[in-house]
Each structure stands twice: as C-alpha cells, then as structure tokens.
Amino acid sequence: MPSAKLKNYFHLHFIVFIWGFTAILGELITIDALPLVWYRMLMASGLIWLYIKFKKIPLQISKKLLITLSIAGFIIALHWITFFAAIKVSTISITLSVLSIGAFFTSILEPIFYKRKLVGYEVFFGVLVIIGLSIIFNAEGSYTLGIIYAIFSAFLSSIFSLINGKVTQYYDSSIISFYELLSGVGFVSIYLLVVTFFGKEADGFSTDFFQLSLMDWLFLFILASFCTAYAFIGSVQVMKYLSPYTVMLTINLEPVYGIILAFFIFGDTEKMNSEFYYGALIILGTVVLNGIFKNIKKIKRQRST
C-alpha cells in the first residue's frame with residue numbers, strides 16, 4: 001500500500017493539473033479579472049457550504065482562527081485577481097511560467113515562518129527555477145505588465161501557502177477553505193461597493209456586472225466547482241502531509257500542464273519557441289530533484305532512529 005504522503009503527492013499533482021486548466025477558463029471567460037474572482041469565490045464558497053452541511057461539519061471556529069483565515073482569504077483574492085489580470089494583458093504561457101518564481105519566494109520565507117534554518121539546496125532549487133524562468137522570458141519581454149502582475153501573484157501565492165501550512169495541521173480543510181473564500185468575497189465586495197458609490201459605477205456593481213453570457217456562466221461554474229471548491233479543499237488537505245516548499249515546487253508544474261492544454265485548445269497563439277521548453281525542463285527537473293533530496297533525508301532520519 002502506498003504511504004499517505006505518496007498518495008497526497010499524487011493527489012497534489014492532479015490538483016495542479018486542474019489549476020493549469022484554470023488558466024484556460026480565465027482566457028475563455030470574457031469578463032474582467034475582478035468580477036471573475038468575485039463570482040469564482042462567491043460560487044465556490046456556496047458550494048463548500050453545501051458540502052459542509054451535507055457532511056454535518058461544525059462551522060464554529062475561534063476568533064483568532066477567523067482573523068488568520070480572513071487574512072489568508074484577502075491574500076488569495078489578490079493572488080487570483082493579479083493572476084487573471086496577467087492572463088488578460090499577456091498570455092496563458094507567460095502568466096503560468098512566471099508563477100514558478102513562487103518557489104524562490106517560499107524558499108526564502110519558509111524559514112522565517114517556521115523558525116528553522118535556511119536549507120541550502122532549497123535556495124539552490126529556487127535559483128534553478130529563476131534560471132528556467134529567465135530562459136523562458138528571453139524572447140518574451142514585450143509583456144511587461146503581465147509579467148509584473150504574475151510576479152506579484154506568485155509572491156502572494158507563496159505567502160498564502162505558508163499561512164495555510166500552519167493552520168491545516170489542526171483544522172478541517174473544508175472549514176478552512178470556506179472561511180478563506182468567504183472572507184475573500186467580503187473584501188472584494190467591500191472594494192466594489194466603495195467604487196460603486198464613490199468612484200466609477202461602471203467599475204463596481206453596475207448592471208453590466210450581473211449580465212453574463214450563458215457560456216460565461218458555464219465556465220464560471222466549472223471554475224468555481226471543479227477548479228476551486230474541489231481543488232481548494234484538496235490542496236489544503238495535502239498540506240497536512242507535505243511541506244509548503246514541496247507544495248510550491250510541485251505547483252511549478254502548473255505552467256507545463258497549462259501551456260500544453262493551451263496549445264491544444266488555442267493553437268499557435270500559445271505556441272512558445274524552443275527556449276521555453278528548455279526552461280520548462282529545468283523547472284520539471286527541479287521538482288524531481290526536490291523529491292529525491294527529501295526522500296534521501298527521510299531515509300537517513302529513519303536509519304538514525
């Protein structure tokens with residue numbers, strides 16, 4: 001029988017594949033990034049609430065945990081907004097590739113969050129990811145705004161991963177996901193209300209905001225249910241067994257999965273030159289090496305006990 005950690009590692013890869021498809025939906029959905037994220041989080045939190053009620057899971061949490069999850073919800077909302085904004089102003093391939101820099105952010109921030117020494121090979125792998133990223137973008141410097149959005153999105157993703165890495169050890173993944181998504185909706189709603197009453201109504205809760213095409217509703221439902229509610233709960237669950245750095249490195253496969261899907265769906269508009277594939281191989285190799293190194297360390301610990 002495979003170990004719980006191995007099963008969760010494979011589960012994480014499946015979730016990352018789903019996240020790769022999220023970028024496809026972001027391109028297919030015609031509305032802007034902000035309303036897209038609002039609808040995504042609202043629908044997903046509603047679906048998770050139904051799941052919690054079906055499973056009869058208690059919703060009560062402490063005030064301290066609620067504050068932590070609200071902060072995480074605000075961060076994930078910003079992460080998704082910048083992620084979809086990057087797709088809108090550049091391409092799926094560029095956006096997903098830049099997200100790989102999140103591993104470097106995590107390798108620097110994780111020792112601070114968990115109060116442990118900096119591990120040399122984790123920093124080295126983070127540097128390898130940056131090298132792969134620089135190769136990928138050698139010929140794609142015309143999408144500056146998209147790159148900036150994606151880098152900021154990767155940083156936020158790293159922070160979110162580290163926060164969740166702490167709370168997932170003690171609380172149910174569906175409860176964590178519900179409160180994070182609900183609080184994210186709350187923060188975005190407050191912003192939209194302020195814009196509606198004190199800014200340009202067209203940028204807030206206008207009539208157009210609620211007038212979506214049938215295809216947009218369909219894609220939003222797939223995004224909210226399969227790619228968010230299911231994947232969100234699953235990603236929180238695997239963090240009980242895997243370190244935030246391993247999670248973030250595995251997420252680096254999202255560009256590979258997403259770009260392959262984008263090529264088959266959108267054709268030549270998402271086709272990259274040979275330099276991209278060199279960079280992607282470096283990222284993939286980094287993920288594999290990370291697994292090998294962690295496995296060697298685990299075997300050494302077992303032998304020493």
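Everything here concerns the structure above.
Residues numbered from 1 in each chain as written. Predicted model: local features only at pLDDT ≥ 70, side-chain atom pairs only at ≥ 80, totals over all residues. Heavy atoms only, no water.

What about the nonpolar core?
Nonpolar side chains in soluble globular proteins tend to end up buried together.
Logical step 1: Counting residues in each nonpolar core, the largest one holds 88 residues, and the members touching the most others are Trp38, Met41, Trp80, Phe84, Leu220 and Leu223.
Logical step 2: When sequence neighbours within four positions are dropped, the list of residues in contact with Trp80 reads Val37, Arg40, Met41, Leu181, Thr228 and Phe232. (Core = buried A, V, L, I, M, F, W, Y, C linked by side-chain atoms within 4.5 Å. Buried < 20%, exposed > 50% of the residue type's maximum accessible area, 1.4 Å probe, protein only. Contact = heavy atoms within 4.5 Å.)

A few points about the side chain of Ser173
Logical step 1: Tracing the sequence through the fold places Ser173 in helix H8 (residues 173-198).
Logical step 2: Those residues in contact with Ser173 that lie beyond four places of it in its chain are Ile233, Val236 and Gln237. (Helix = DSSP H or I, 4+ residues; strand = E, 2+ residues; numbered from the N terminus.)

Section: the packing of aromatic side chains
Logical step 1: The tally for this structure, following the rule as stated, stands at 17 aromatic pairs.
Logical step 2: Ring centres 5.9 Å apart and planes at 45 degrees place the aromatic pair Phe124 and Phe125 in the tilted group.
Logical step 3: Look at Phe124 and you get partly exposed, because its relative accessible area is 48%.
Logical step 4: For Phe125, a relative accessible area of 1% translates into the label buried.
Logical step 5: Ring geometry for Phe209 versus Phe210: centroids 5.0 Å apart, planes at 65 degrees, classification edge-to-face.
Logical step 6: The buried category is assigned to Phe209, whose relative accessible area is 8%.
Logical step 7: Taken together, the ring pairs connect Trp38, Tyr39, Phe205, Phe209, Phe210 and Trp217 into an aromatic cluster. (Phe/Tyr/Trp six-rings, centres within 6.5 Å; stacked < 30°, edge-to-face > 60°.)

Quick notes on unusual backbone geometry
Logical step 1: You will see that Lys56, though not glycine, has its phi angle at about 55 degrees, which is positive.
Logical step 2: Considering the arrangement of structural elements, one finds Lys56 in the loop between helix H2 (33-55) and helix H3 (63-89).

Points about the packing of H8 against helix H9 (residues 214-238)
Logical step 1: One can describe the packing of H8 onto H9 by two numbers: an axis separation of 8 Å at closest approach and a directional angle of 125 degrees. By the angle between their axes, H8 is oblique relative to H9. You can see that H8 and H9 cross each other, and the crossing is right-handed. Between H8 and H9, the residues in contact are Ser173, Ser174, Ile176, Ser177, Glu180 and Leu181 and Thr228, Phe232, Ile233, Val236 and Gln237, respectively.
Logical step 2: Across the contact of H8 with H9, the residue classes break down as 5 nonpolar, 5 polar and 1 charged. (Axes fitted to C-alpha atoms, helices over the stretch in contact; angles between N-to-C directions. Parallel < 35°, antiparallel > 145°, perpendicular 65-115°, else oblique. Left-handed = near helix turned anticlockwise from the far one by under 90°. Nonpolar A, V, L, I, M, F, W, Y, C, P; charged D, E, K, R; others polar.)

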